[in-house]
Amino acid sequence: MMMTARDLAFGYRGTLVGEGVTLAVEAARVLCLMGPNGCGKTTLFRTLLGLLPPLAGRLELHGRPVMEFSRSEFARHVAYVPQAGSSYFPFSVTEVVTMARASRIGAFATPSAHDREIAQGALERLGLQHLASRPFTEISGGERQMTLIARALAQEAELVVMDEPTASLDFGNQAKVLDCINELRGSGLAIVLSTHDPGHAFACADSVALMKRGRIICEGTPQAAVTPETLRNLYGVEIAVEFMRGAGRNICAPALGRFRKE
Amino acid sequence: MSKGEALSGIGKQGRAARLRGVVPPVLLLIVVVLALFAGKYDVSPSDMALVVWSRLTGTPSGLDSTVETVVWNVRLPRVLAGLLVGASLAAAGAVYQGLFRNPLVSPDILGVSAGASLGAVGGIFFSLPVLAIQSMAFAGGLVAVALVYLVGSAVRGRDPILVLVLAGVAIGALLGACISLLKVLADPYNQLPAITFWLLGSLASITRADAFSILPAVLLGLAPMVLLRWRMNLMTLDEEEARALGMETGRLRLLLVAAATLMTAAAVSVSGIIGWVGLVMPHIARGLVGPDFGRLLPASLMLGGGYLVGVDALARTVAQIEVPLGILTAVIGAPFFLWLLASGRRGWQ
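Predicted model, so just to flag it, every value in this text is computed and none were measured. Within any chain, residue numbers begin from 1 and follow the written order of that chain's sequence. Here every chain gets a letter starting at A, and every ligand a number starting at 1, in the order they are written. Only residues with pLDDT of 70 or above have their local features reported here, since the model is predicted, and side-chain atom pairs are shown and tallied only from 80 upward, although totals for entire chains, interfaces and linings are computed over all residues.

### Regarding the sheet that holds strand E5 (residues 64-65) of chain A
The strands that make up a sheet are held in pairs by hydrogen bonds between backbone atoms, and each pair lies either parallel or antiparallel. All names here are of chain A. For two strands to be treated as a pair, DSSP must find no fewer than two bridges joining them. Strands are runs of DSSP state E lasting at least 2 residues, helices are runs of H or I lasting at least 4, and numbering of each runs from the N terminus. The four strands are arranged E2-E1-E4-E5 in an open sheet whose pairing can be described as antiparallel. Edge positions in the sheet fall to strand E2 (15-25) and E5, since each has one partner strand and no second. As judged from the five bridges shared by strand E1 (residues 3-12) and strand E4 (residues 56-61), these two strands associate in the antiparallel manner. Of the residues in E4, the one forming a bridge with Met3 is Leu61.

### Points about the pairing of strand E12 (residues 249-254) of chain A
Residue and element names in this part refer to chain A. Bridge count between strand E11 (residues 239-244) and E12: six bridges; the pairing is antiparallel. Within the sheet, the bridge partner assigned to Val241 lies in E12 and is Cys252. In this antiparallel pair of consecutive strands, E11 and E12, the connection spans four residues, and Gly248 shows a positive phi of 75°.

### Points about unusual backbone geometry
The residue Ser168 of chain A is not glycine, and still its phi comes out positive at about 50°. Residue position: Ser168 of chain A is located in the loop between strand E7 (159-162) and helix H6 (171-186). For Ser127 of chain B, which is not glycine, the phi dihedral falls at a positive 55°. Mapped onto the elements, Ser127 of chain B comes out in the loop between helix H6 (112-125) and helix H7 (130-154).

### Things to note about the UniProt feature "domain: ABC transporter" (unreviewed entry) in chain A
UniProt positions are given in the numbering used here, feature names are shortened, and annotations may be inferred rather than shown by experiment. Per the UniProt annotation, the sites labelled "domain: ABC transporter" (unreviewed entry) are residues 3-238 of chain A. Across residues 3-238 of chain A, helical content stands at 35% and strand content at 25%; the span's end C-alpha atoms are separated by 34 Å.

### Looking at the packing of helix H10 (residues 208-227) of chain B against helix H13 (residues 249-271) of chain B
Residue and element names in this part refer to chain B. Fitting a line to C-alpha atoms yields each axis, with helices limited to the stretch in contact; the angle taken between N-to-C directions then spans 0 to 180 degrees. Running from N to C, H10 and H13 cross one another at 165°; their axes reach a closest spacing of 8 Å. As judged from the angle between their axes, H10 and H13 are roughly antiparallel. Two packed elements cross with a definite hand, and for H10 against H13 that hand is left-handed. In this structure, H10 uses Asp210, Ile214, Ala217, Val218, Leu220, Gly221, Leu222, Pro224 and Met225 to contact H13, whose residues at the interface are Leu255, Leu256, Ala259, Ala260, Leu262, Met263, Ala266, Ala267, Ser269 and Val270. Side-chain classes are defined by residue name, with Ala, Val, Leu, Ile, Met, Phe, Trp, Tyr, Cys and Pro counting as nonpolar, Asp, Glu, Lys and Arg as charged, and the others, Gly among them, as polar. The residue inventory of the contact of H10 with H13, partitioned by class, reads 16 nonpolar, two polar and one charged. We call two directions roughly parallel when the angle between them is under 35 degrees, roughly antiparallel when it is over 145, roughly perpendicular when it lies between 65 and 115, and oblique otherwise. The hand of a helix crossing depends on one turn: near helix anticlockwise from the far one by less than a right angle means left-handed, and clockwise means right-handed. By definition, residues are in contact whenever their C-beta atoms, placed on the basis of the backbone, come within 7 Å of each other.

### Focus: the sheet that holds strand E3 (residues 30-34) of chain A
All names here are of chain A. Read across the open sheet, the six strands follow the order E6-E7-E8-E3-E9-E10; overall the sheet is mixed. Two strands bound the open sheet, and with one partner strand each, they are strand E6 (78-81) and strand E10 (215-220). Mean inter-strand twist for the sheet, computed between neighbouring axes without regard to direction, equals 20°. Summarising the sheet, strand E9 (residues 207-212) and E10 pair through five bridges and their orientation is antiparallel. Its bridge partner being in E10, Ala209 is matched across the sheet by Glu219. This element, helix H1 (residues 41-48), spans E3, E7, strand E8 (190-194) and E9 of the sheet and lies at about 155° to E8. Where H6 meets the sheet, it contacts E3, E7 and E8, and its direction lies at approximately 155° from that of E8.

### Description of the domain arrangement of chain A
Residue and element names in this part refer to chain A. Per the domain assignment, the segments of chain A are domain 1 (1-77 + 158-221) and domain 2 (90-156). What fixes the domain bounds is an automatic or database domain assignment. The centre of domain 1, based on its C-alpha atoms, is set 23 Å off from the matching centre of domain 2. Taken together, the contact between domain 1 and domain 2 spans twelve residues of the former and ten residues of the latter. Listing elements by their share of the side of domain 1 that touches domain 2, those giving two or more residues are helix H2 (71-77) and H6.

### Considerations on the environment of Val280 of chain B
All names here are of chain B. Secondary-structure assignment places Val280 in helix H14 (residues 277-289). Three classes are used. A residue is buried when 20 or more other C-beta atoms lie within 10 Å of its own, exposed when 12 or fewer do, and partly exposed in between, with C-beta atoms placed from the backbone. Residue class for Val280 comes out buried when judged on the 24 C-beta atoms lying within 10 Å of it. Placed 53 residues apart in sequence, Val280 and Gly333 show a C-alpha to C-alpha distance of 6.8 Å. When near neighbours in sequence (up to four residues on either side) are disregarded, Val280 contacts Gly333, Phe336 and Phe337.

### Some details on the interface of chain B and chain A
Counting from both sides, the interface comprises 33 residues of chain B and, opposite them, 33 residues of chain A. For the side of chain B that touches chain A, the secondary structure elements donating two or more residues are helix H1 (3-8), helix H2 (12-20), helix H11 (229-235) and helix H12 (239-244) of chain B. Looking at the side of chain B that touches chain A residue by residue, the class counts come to twelve nonpolar, twelve polar and nine charged.

### As for helix H9 (residues 228-235) of chain A
All names here are of chain A. Taken together, the buried positions of H9 are Thr230, Leu231 and Leu234. The arc that holds the buried residues of H9, viewed along the axis, is 95°, so those residues lie on one side. Turning to H9, the residues buried within the fold contact E9, E10, helix H8 (222-225), E11 and E12. In the stretch just after H9, Gly236 is the one whose phi turns positive, near 75°. Think of the arc as the fan of directions from the helix axis to the C-beta atoms.

Written as structure tokens, this is what we have:
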């Protein structure tokens, strides 16, 4: 078991956002977290990343409390793929990916040839070599998302936490990112991600956790946890979950107008 | 793109950036040479070389002592001080702009200039000797930023950067009020002109001792910037992103703010308040060599130093009287900056 949360309560100093969260993250598995806006997903992610101290319960990485790790030690195990990545200055894609090496080199060091090779390798693995010298501020949203995934690879962590990796991407880029997630799982990485499309659970997740008002209300395989009933409970609307032959998996879509049952 | 270039991430743009990287040192060299010869007293190049040579080797130059004084006691100290002050302001600006993720930030965002001003104005008000005024300016700058930092870290649970900036604005306003009070109370015939002159900045009365006295503080501030030049790049990311990459952002920010504040306080303690250099020069440097701090820092140092030496040369040649530097840097810097913005090609670079 790589990361475990037991009866975890999380939130900000003095403000409880959620509690009673029990999760297990394993190598070569994808855990998908879903829930309506404001249910506490982002706060839970910040806690899992060791950026917020747990308010109660246990959160352990390899059996050791997360808050005992130094930032750089933690970053060697766990990588974070933010939604868009902050880019205020026009660093090149290579420079952005090379930043992943911060946790592996001395405080006063600059990246070595070895670090640059690893960054280049991560770019090549995701087919992004052609972007290497482009400014991160000038590439498309999909390219940025892939660059941030490449950065997580260059960090050489075992667990990657992705905050809505498909948010605001077009259909093609969503497919690319989902394919990429499956490939990373295949290579042995543990992945925790959040999404707003329940169909994505069927596309890449091994287990799904549904979150409502700071609590996990349902957890299990996509087949068991993502049903019209659980989704109605979660989002308060009628959602159809049906197998689509052409895609080879279940697809979810909200029922509208006369298809709504009430 | 060759394999080697692909590895280091240097493509066509990288080569162009490298070419543009030659601009700062070349400009610096030209400006320094011009500044050494600019002034009311004409010095020939051979006399200039002779004076420097004789001073360095200790052999008599055989020249008129006026020439020696002009070169050795007036022009060289001013050029040296201009280099130090301009380079310090620009380096501090480059650090602050990165830390605050905002290309429009200047080194006085955390109140270092306001604190230094209050220190100096207080020194002038109590008719202290020059050295004491400089020390009070230096200490005032450091204390003001320390105060801002303490207030900023006392407020928790918000974006630390935003809290720092807001604390800087509030404490800056408070210090400004104190300065205004002292100006009202000051003797309008002796003290007020001195205060006004200090607040506008000048290198007119600078001595070689002044230039050397700030050198340790400048170097001490520069050291962490050079050592942390690569980590500085990560400090421009969002707080959480940087921490998730393994950065102890709180500690690094404190160290870098301390370094930038030390440099700025040292610079303004001998020159008075000189605006715009720390805002515009890092901005131009970034346009020339890109945002990587390892290249941005030297480019900012050279552009900042060169710019101030050049402006100071103008200050002592354009008019019958010495024009305060703060006026010139704003008159030249602000329109140039507007032009940069209007040409807009490079965006927020």
